[in-house]
Amino acid sequence: MTADVRTVPSAEDEVVDLCRDLIRIDTTNPGDGSGPGEREAAEYVVGLLQDVGLEPELFESAPGRANVVVRLEGADASRPALVVHGHLDVVPAHAADWSVDPFAAELRDGLVWGRGAVDMKDMDAMVLAVVRQMVREGRRPARDVVLAMFADEEAGGRLGAHWAVEHRPELFAGATEAISEVGGFSVDVAGQRVYLLQTAEKGLAWLRLVAQGRAGHGSQVNTDNAVTHLAAAVARIGEHAWPLQLTPTVRALLTGVADLTGLPFDPEDPATVDALVDALGPASTFVGATLRHSTNPTRLAAGYKENVIPGGATAAVDGRFLPGLSEEFDATVARLVGPHVRVEDLVRDTGLEAPFEGALVDAMVAAVVAEDPGAHVLPYMLSGGTDNKSLSLLGITGYGFAPLRLPADLDFAGMFHGVDERVPVDALRFGTRVLDRLLTTC
Ligand SMILES: [Zn+2]
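The structure presented is a predicted model; accordingly, all values stated were derived computationally and were not measured.

Engineer: Would you take a moment to explain the overall build of the chain for this structure?
Structural biologist: Looking only at helices and strands, one finds twelve helices and 19 strands in the chain. Against the compact-globule benchmark of 22 Å for 442 residues, the chain has a radius of gyration of 24 Å, which places it among compact chains. Structurally, the chain occupies a C-alpha span of about 85 × 55 × 45 Å along its principal axes. Contacts in the chain between residues at least 24 apart in sequence constitute 78% of all its contacts with a sequence separation of at least 6. Separation of charge centres in the chain, based on 36 positive and 64 negative side chains, amounts to 2 Å.

So, in structure tokens, the structure goes:
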């Protein structure tokens, strides 16, 4: 069949359908291997790319855990490639908590509802729609683009981006920068629209605390009780008031918010910092966790009988450290737990921070402002992580840029992994226009 350009939908026309199709394919990732996997969604993506003549590669890291990568030749093939990546998995949804079936992708009140509408089948759909449009129209991106749709991001990417970086690094040859999720959405600051471009990610340190002591009868005097040692260490860690430490990203964000609101900003004064964070509305939950290191005790285990003092006790701590400050974080944790408790890494992943400048940042800002004149773009740090951590192992600098122009009263930040995830149709269409501009100009 010959394609008739006039009957082929544009990226803006098809982005909503692509997003809904992806949401209807259940790719729940509980993190223990019991989910359906990403294979069906990956095959759907392969079909969309083959449909316009591309030759994507689908590869599995484990049965059903599928990733898709395709490279688009740029207008200037001598320039470093840009990785544009998304993940196909979603976190579990407990249907009883939702107002809609989380996998029905209902269209209601001008929004697409369902698990993944925010994280991140919205961006997946925008990227796929834009790439399909560019290929159909015979347009090339400004430079080579490596389009990647990964499995397993919601469990840390071990079977997705991390696996691909480790086993298939050649797919990313020549790439220096990447864009993906958890940034680029708008928030309202003092009545002005501000797009938060993610240029940094906190590091992650899931720690096991191991206390050892002298086992014995519960009736006897014991000054070397592992449970007492552990409890004291957990309390010190949990109650520790980590000091304010503003990285360049957070400083730039708060400086921008101060300019927009007229509020004072003194980096040494927590009260002015907190007031500026509050001015970000619902996004303050994201930003408030990026002002300092954090350590939250999450698990405890010890003992097997009331009158037996165990020889050991363990706890888990979810630690999040600021990029570039992991050594200082570790030293403080070691001091807080004290001499009777050993600290082991359960999971550790790097922090990231890129400057809010350079040609790609300029192109992202320009693409947003071209579609939303008068809007502001500010950098921010994500307190969690994305697949950009894995790509950083190849020296690739990643940004969070899934552009969405959102209504001021929509709590977008609160919908990541939340109930009633939903994204406005208008925002999806806006995002395709911005991403098309970006890929054409960056
Ligand atoms: Zn995500």
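What follows picks up the thread again.
Engineer: I tried to follow the coordination of the zinc ion on my own but got confused; where do I start?
Structural biologist: Six octahedral donors at a metal ideally form angles of 90 or 180 degrees, and four tetrahedral donors ideally form angles of 109.5 degrees. Ligation of the zinc ion by protein atoms is provided by His87 (NE2), Asp119 (OD), Glu181 (OE) and Glu181 (OE), these donors lying 1.8 to 2.7 Å from the ion. Every donor counted, the four donor atoms about the zinc ion form angles of 52 to 151° at the centre, which fits irregular coordination. Donor residues binding the zinc ion come from one chain and are separated in sequence as H-x31-D-x61-E. Placement of His87 in strand E3 (residues 81-87) and of Glu181 in the loop between strand E7 (175-180) and strand E8 (185-189) is noted, with a sequence separation of 94 residues between them. On the accessibility criterion, His87 (0% relative accessible area) is buried.

Engineer: Can you help me understand the sheet that holds strand E12 (residues 294-302) in this one?
Structural biologist: Note on sheets: strands pair through backbone hydrogen bonds, and any given pair is parallel or antiparallel. The antiparallel open sheet is built from four strands, whose spatial order is E12-E14-E10-E15. What marks the edges here is a single partner per strand, and that holds for E12 and strand E15 (341-349). This sheet shows a mean twist of 20° between the axes of neighbouring strands, independent of strand direction. Against the sheet, helix H9 (residues 326-337) touches strand E10 (203-212), E12, strand E14 (312-321) and E15, its axis set at about 150° to E15.

Engineer: Looking at this model, I keep getting lost on the domain arrangement of the chain. Mind explaining?
Structural biologist: As a measure of interface size, the accessible area lost when the parts come together is often cited. With domains assigned, the chain is organised as domain 1 (11-182 + 385-441) and domain 2 (203-243 + 293-350). Computed over C-alpha atoms, the centres of domain 1 and domain 2 are 38 Å apart.

Engineer: Would you explain helix H1 (residues 11-24) in this entry?
Structural biologist: Owing to its 3.6 residues per turn, the α-helix aligns residues three or four sequence positions apart on the same side. Here H1 contains 14 residues, and its C-alpha end-to-end distance of 20 Å stays within 8% of the 20 Å for a straight helix at 1.5 Å per residue. All of the buried residues in H1 are Ala11, Glu14, Val15, Val16, Leu18, Cys19, Arg20, Leu22 and Ile23. Its buried side turned inward, H1 meets helix H2 (39-51), strand E4 (107-108), strand E5 (111-113), helix H3 (121-136) and helix H12 (425-441).

Engineer: What exactly am I supposed to notice about the environment of Leu207 here?
Structural biologist: Within the secondary structure layout, Leu207 lies in strand E10. Leu207 gets classed as buried once you look at its relative accessible area, which sits at 1%. C-alpha separation for the pair Leu207 and Val130, spaced 77 residues apart in sequence, amounts to 41 Å. Each residue touching Leu207, except ones within four places of it in the same chain, is listed here: Ala315, Ala316, Val317, Phe329, Val333, Val343, Glu344, Asp345, Leu346 and Arg348.

Engineer: When you look at the pairing of E10 in this model, what are you seeing that I'm missing?
Structural biologist: Most of E10 is tucked away, with seven of its ten residues classed as buried. Where E10 and E14 come together, ten bridges link them in antiparallel fashion. Across the sheet, residue Val210 finds its bridge partner in E14, namely Thr314. Direction of pairing for E10 relative to E15: antiparallel, over a ladder of eight bridges. Across the sheet, Ala211 pairs through a bridge with Val341, a residue of E15.

Engineer: Sorry if this is basic, but what is going on with the sheet that holds E5 here?
Structural biologist: With antiparallel pairing, three strands are arranged side by side in an open sheet as E4-E5-E19. Both edges of this open sheet fall to E4 and strand E19 (422-424), since each of them pairs with a single strand only. Where E4 lies against E5, two bridges are found, and the strand directions are antiparallel. Within the sheet, the bridge partner assigned to Leu107 lies in E5 and is Val112. Each of E4, E5 and E19 touches H12; the most contacted strand, E19, lies at about 65° to it.

What counts as what
Residues numbered from 1 in each chain as written. Predicted model: local features only at pLDDT ≥ 70, side-chain atom pairs only at ≥ 80, totals over all residues. Heavy atoms only, no water. Helix = DSSP H or I, 4+ residues; strand = E, 2+ residues; numbered from the N terminus. Rg over C-alpha atoms; globule rule 2.2 N^0.38 Å. Contact = heavy atoms within 4.5 Å. Lys, Arg positive; Asp, Glu negative; His and termini not counted. Charge placed at Lys NZ, Arg CZ, Asp CG, Glu CD. Donors = N, O, S within 2.8 Å, 3.2 Å for Na, K, Ca; no water. Tetrahedral: all angles 85-135°; square planar, octahedral: opposite > 155°, others 65-115°. Buried < 20%, exposed > 50% of the residue type's maximum accessible area, 1.4 Å probe, protein only. Pairing = 2+ DSSP bridges. Axes fitted to C-alpha atoms, helices over the stretch in contact; angles between N-to-C directions. Domains from an automatic or database assignment. Expected span 1.5 Å × (residues − 1).

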